[in-house]
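Observations on chain architecture
Here's the letter readout for the chains.
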Amino acid sequence: MFESLIGLAAIIALFVIISRQQTRIGLIERELGALRSLVLSGIPQPAPKAGEAAEGAPGEVPAAAANATPPAREAALTEVPAAAPDAPKAEVPAEAGEGTSSEPATPAEAAQPAAPADAVAPARAARQTDVETALGTRWAVWVGGIALALGGLFLIRYTIEAGIFGPGVRLTMAGILGLVLVAGAEFIRRTGFRVPVQGAAGAYIPAILTAAGAFILFGTVYAAHGIYGFIGPALAFTLLGAIGIATIAVSLVHGLALAGIGLVGAMATPALVASQAPNPWALFVYLAIVLAATAAIARIRDWKALVAAAFAGTGIWTILYMTDAPEVNLASVLFISLATLAVLAFVWLDLFLITGRDEAELGFDWPSIVPGFFVALTALGLSVDPVFAKAGDALHGAVLLAALVAVALYRPRALPLLFAAGLTTVLIYLGIIPPATIGADALDVGLGAEPLAASDALTFRIGIALAIVFIAAGFWAARRLAAAAPVHAASWAAWGVIAPLVVLTALWLTFGDIDRDFGYALPALLLVLIFAAGGEWIARAEEPPLGGGPAVSFALAGAGVAGLLMLHMAFGSGWTTVLLGAAAVVPALATRWRSYPVLGWIAVGTAVAVLGRAAFDPTIVGAAVLSRTPVFNWLLPGHGVPALAFGIAAWQLARTTNGRPRLAMEAASALFALLTVAMLVRHAMHGGVIDTGAVTLGEQAIYTLIALGAGAILVAIDMRSPSSVLRYGSMAAGVISAGLIVIQHFAVLNPLVTDESTGTIPFFNLLFLAYLLPAIAAGALALYVRDKRPRWYAAMLALVASLLAFAYATLSVRRLFKGEFIGLWSGLGQLETYTYSALWLAIGVVLLTAGVWLRSQVLRIASAVLIAVAVLKVFLFDMSELEGVLRALSFIGLGAVLIGIGLFYQRLLTRAAREKVENQQEQLANRE
């Protein structure tokens, strides 16, 4: 086997030598081609500078040229003596990987005129190393280091199997080997060792020798304790920890990789040392020492990944101890958690104080995410886990949350700690809410009948304390950072609002009366005042003052949400809806004194809340409580007051901040105005019940009239105060009305289809309400918007009005013949059939007259279509169905009408032609 290894090594060496020679031959061939091109071009080259010749073997570039800048090296490789232009180049580039360019100039490049050294283009910055460099530098060194480490362990194993030495001697020899490697690494480093080869800096031999020595020393101490029992757990623990910390310490001169090896060894030490009676204090004191040492070293070199790994290792040990230990020593858990935060604040983040830089201007420190996560996870376990919660350990969890906030407050770059504390607090107090309170158990969302976290008096008191901590720290930090770091200030203000609101809501849903509870309404009112005052306090610290930045926006938005909670806690559902709608005026009026952008959006949020409340319970106070009195019931103030308040808010915003909030409030006002009328109509037509019964034609007719009227009102308002919401909202109302007419009036609810009673009164009946009134409304709206809205919109309304008028006339004729019920299955009589023909022709003539008078092409086209339908009816239907005089009268009337229409159009065209000729003559006279 040994001979096979020798043969394999010889083959590899031969391959390397051949590759090296092939590289040199290729370089020489390219250089000769370049020189040949230079000679053929006949361009003289400048003479080399004095002292530029290199000492050493021929064919090698001097070290000075190799270490020069890229332009100087390229110039050194291309210069030839001017006296002998045909002579071969005196200098040949060294082999690839020794600091020279591996690709010399091509013949085309060499043929270009020579330029001064300072004008030569820089050589390619990125150089690819060849196989020789990789094998001879990085791979060889790394494999050699691993081989040394494994060799030490294999030597110990061999002595054991052969029985040459005793265990003590073997371990002593291994320890000496490890120390020799470490000492040798230090000797090489002190002799001025550097890596001269470009691309091989990762193969730093002193660092690799140190890593191998540390690895052997770790194995030696572990064998002395775990295999032979020469030393006890305490000594083994101490030695392993010392080796790990020493390895991390020497990484200051050997690099990050060695520090990682030392950290892994130090963190693995507690798992390697077994003990019959493990001491948590020994574990966590040891981890605290390792963490502090690692953070101090990482701080000097700014090794963020190293310190993050150290925090992660400490956190993992803490969680493992809490989950696996039969009896958790709570004091030791608190110690390591607080020690982690202390190391973060006073060791790692202290770097920025030493350098004199402002922490707030440096963003946030991402390694802080790791300790924030693990400390918050520890606090969550102490607060939520039943074993800890029953023992009252939730108080200790609250201490850790407060400590997270304190460190984030003391070190602005530790902003992730604030988010960790805030999210944990939110999760804890959302977990105490009984699922039955919010209906989660009925929705089958995976929650049981019991809350996820314990809800007792201690949880109540802790919640109040944490809310105060977040409010105080959040608003103080937001004011302090408002000018220098707006993002940090916004984060603090956000959590200063979110955490107290979640805590208050959770306590109310868990301990209070969900319908009405003044005991929780008063704290909510207090939060409204605190958040509003806090927002003003922060705004005065902004640059420029009173700008209403993100931090102020969060504070005032929190005041709005607290106000919503206060109204819901203090009043019933009816008054909550009414007062919440009226409250939209408050932020709008506040824009008279403060032009904060968030004020308008708070009003919009109020509108969204009222809309959600109305969607949840359209009756406002519940179907059982809603009065059956038409109009004057809870529907009127429940929808009408918000509509009025939203309109006032939109009016106020239009005069102050304007912008999108004003448009949203205008839309909300129009929507709630329509809802008010529609709900009152449905309430009245269904006997005081609005959630049962199908929509009738009469009810649908009222809805259609409301929509058409709303469209007209919106157009009128838009003419006085232009707004895109009013413009498009008015057109949307018209389009929706047209769609409802086509679907409901003509198809689904048509009395011809449903055979619904049209009423006993001859004129004022269902047909009057469902067809004639909408026809008049649509026609009037079409006239009103002719010059105010797009042409297609007015044409659509005119067409709808014509169809409604046609339907009213036709259905009225049928009602005249059939009575109250006019369903199609009752058949047609001859006189009724003739009457339809005469009626349609008459309507066609009326439409034609109106179209000419109003100059409406839509009405003229509608008349033509209707007359065409009448013609088809006479020739296809009346000819077969009518008899005697009715058939004759039908054709006579049709002919008379058609001739009259022809004469009318002839006179119309003749008049138009005469007017055109007169206009042309008048224009010619004016020109003369």
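Residues numbered from 1 in each chain as written. Predicted model: local features only at pLDDT ≥ 70, side-chain atom pairs only at ≥ 80, totals over all residues. Heavy atoms only, no water.

Regarding its fold elements, the protein presents 36 helices and zero strands. Buried positions account for 43% of the 928 residues belonging to the protein. The contacts in the protein between residues at least 6 apart in sequence include a share of 71% that link residues at least 24 apart. With an accessible surface of roughly 46200 Å², the protein has 69% of that area assigned to carbon and sulfur atoms. (Helix = DSSP H or I, 4+ residues; strand = E, 2+ residues; numbered from the N terminus. Buried < 20%, exposed > 50% of the residue type's maximum accessible area, 1.4 Å probe, protein only. Contact = heavy atoms within 4.5 Å. Areas by Shrake-Rupley, 256 points an atom, 1.4 Å probe, with all protein chains shown as cover.)

Let's shift gears to the packing of aromatic side chains. Under the defined criterion, the tally for this structure stands at 11 aromatic pairs. Ring plane angle 80° and centroid distance 5.1 Å describe the contact between Phe 373 and Phe 374, whose orientation is recorded as edge-to-face. Under the relative-accessibility criterion, Phe 373 is labelled partly exposed at 47%. Look at Phe 764 and Phe 768: their rings are 5.3 Å apart centre to centre, the planes differ by 70°, and that puts the pair in the edge-to-face class. Since its relative accessible area comes to 17%, Phe 768 is described here as buried. We note Lys 788 situated over the ring of Tyr 784; from NZ or CZ to the ring centre the distance is 4.4 Å. (Phe/Tyr/Trp six-rings, centres within 6.5 Å; stacked < 30°, edge-to-face > 60°. Lys NZ or Arg CZ within 6 Å of the ring centre and 35° of its normal.)

Quick look at the pattern of salt bridges now. For the structure on display, the rule yields six salt bridges. The closest approach of N and O atoms between Arg 413 and Asp 365, which form a salt bridge, is 3.4 Å. Here the residue Arg 413 occupies a position in the loop between α16 (394-410) and α17 (415-431), and Asp 365 occupies one in the loop between α13 (351-354) and α14 (369-384), the gap between them amounting to 48 residues. A relative accessible area of 5% places Arg 413 in the buried class. The partner of Arg 540 in a salt bridge is Glu 536, and the shortest N-O contact between them spans 3.2 Å. Through salt bridges that share partners, Glu 536, Arg 540 and Arg 594 make up one connected network. (Salt bridge = Lys/Arg side-chain N within 4 Å of Asp/Glu carboxyl O.)

The subject of this paragraph is unusual backbone geometry. Residues Glu 543 and Pro 544 are joined by a peptide bond in cis, for which omega reads -5°. Of note in this structure, Leu 546 is not a glycine but carries a positive phi near 55°. Within the secondary structure, Leu 546 sits in the loop between α22 (518-539) and α23 (550-570). Backbone geometry at Ile 620 places phi at a positive 75°, although glycine is not the residue there. As for its placement among the helices and strands, Ile 620 is situated in the loop between α26 (597-616) and α27 (635-655).

A few words on the side chain of Asp 617. Counting through the fold element by element, Asp 617 comes out in the loop between α26 and α27. The buried charged residue Asp 617 lacks any salt bridge partner; its closest oppositely charged side chain belongs to Arg 613, at an N-O distance of 4.3 Å. (Lys, Arg positive; Asp, Glu negative; His and termini not counted.)

Look at α26 against helix α28 (residues 660-685): their axes get within 9 Å of each other, and the N-to-C directions meet at 25°. Relative to α28, the element α26 is oriented roughly parallel. Here the hand of the crossing between α26 and α28 comes out left-handed. For the pair α26 and α28, the contacting residues are Gly 600, Trp 601, Ala 603, Val 604, Ala 607, Val 610 and Leu 611 in the first and Arg 660, Pro 661, Ala 664, Met 665, Ala 668, Leu 671 and Phe 672 in the second. Residues of the contact of α26 with α28, tallied by class, amount to 12 nonpolar, one polar and one charged. (Axes fitted to C-alpha atoms, helices over the stretch in contact; angles between N-to-C directions. Parallel < 35°, antiparallel > 145°, perpendicular 65-115°, else oblique. Left-handed = near helix turned anticlockwise from the far one by under 90°. Nonpolar A, V, L, I, M, F, W, Y, C, P; charged D, E, K, R; others polar.)

Attention now moves to the nonpolar core. Core analysis: the largest hydrophobic core is formed by 127 residues, its most contacted members being Tyr 429, Trp 492, Phe 531 and Met 665. The dominant element in this core, judged by the number of residues it contributes, is helix α21 (residues 486-511), at 14 residues. Counting 32 residues, the second-largest nonpolar core is a separate cluster that includes Leu 697, Leu 766, Ala 775 and Ala 807. (Core = buried A, V, L, I, M, F, W, Y, C linked by side-chain atoms within 4.5 Å.)

Moving on, we get to a nonpolar patch on the surface. Taken together, the side chains of Trp 281, Val 285 and Ile 289 make up a nonpolar region of the molecular surface, amounting to roughly 250 Å² of accessible area. Examined against the element boundaries, Ile 289 turns out to sit in helix α10 (residues 280-301). The partly exposed category is assigned to Ile 289, whose relative accessible area is 48%. (Patch = residues over 30% accessible without salt bridge, like charges linked within 9 Å, V, L, I, M, F, W, Y side chains within 5 Å.)

Averaged over all residues, the pLDDT of the protein is 74; the fraction at 70 or higher stands at 66%. The model gives residues 351-361 a pLDDT under 50, and that stretch makes 19 contacts with residues more than four places away or in other chains. For the stretch residues 440-448, pLDDT sits under 50, and the model shows eight contacts to residues farther than four places along the chain or on other chains. (pLDDT = per-residue confidence, 0-100.)

Before going further, it helps to spend a moment on helix α30 (residues 724-748). Compared with the 36 Å implied by 1.5 Å per residue over 25 residues, the 34 Å span of α30 between its first and last C-alpha is a close match. At Ile 741, α30 shows its maximal bend, which comes to roughly 30°. Every buried residue of α30 is accounted for by Leu 726, Ser 730, Met 731, Ala 733, Gly 734, Ser 737, Ala 738, Ile 741, Gln 744 and His 745. Structurally, α30 contributes buried residues whose contacts are with α28, α29 (697-720), α32 (766-784) and α33 (791-818). (Expected span 1.5 Å × (residues − 1). Bend = angle between axes of the 7 residues up to and from the residue.)

What follows covers the environment of Tyr 728. Looking at the element boundaries, Tyr 728 is found in helix α30. Residue class for Tyr 728 comes out exposed when judged on its relative accessible area of 54%. With 17 residues separating them in the primary sequence, Tyr 728 and Gly 711 have C-alpha atoms 9.7 Å apart.

Let us look at the packing of helix α12 (residues 330-348) against α14. Running from N to C, α12 and α14 point in directions that differ by 155°, and their axes come no closer than 10 Å. In terms of orientation, α12 and α14 fall into the roughly antiparallel class. The handedness of the crossing between α12 and α14 is left-handed. Residue-level inspection shows Leu 330, Val 333, Ser 337, Thr 340, Leu 341 and Leu 344 of α12 in contact with α14, the latter providing Pro 371, Val 375, Thr 378 and Leu 382. Broken down by class, the residue content of the contact of α12 with α14 amounts to seven nonpolar, three polar and no charged.

Another point: the side chain of Glu 699. Positionally, Glu 699 belongs in helix α29. With a relative accessible area of 0%, Glu 699 lands in the buried category. With residues near it in sequence (within four places) discarded, Glu 699 still touches Val 681, Arg 682, Met 685, His 686 and Ala 694.

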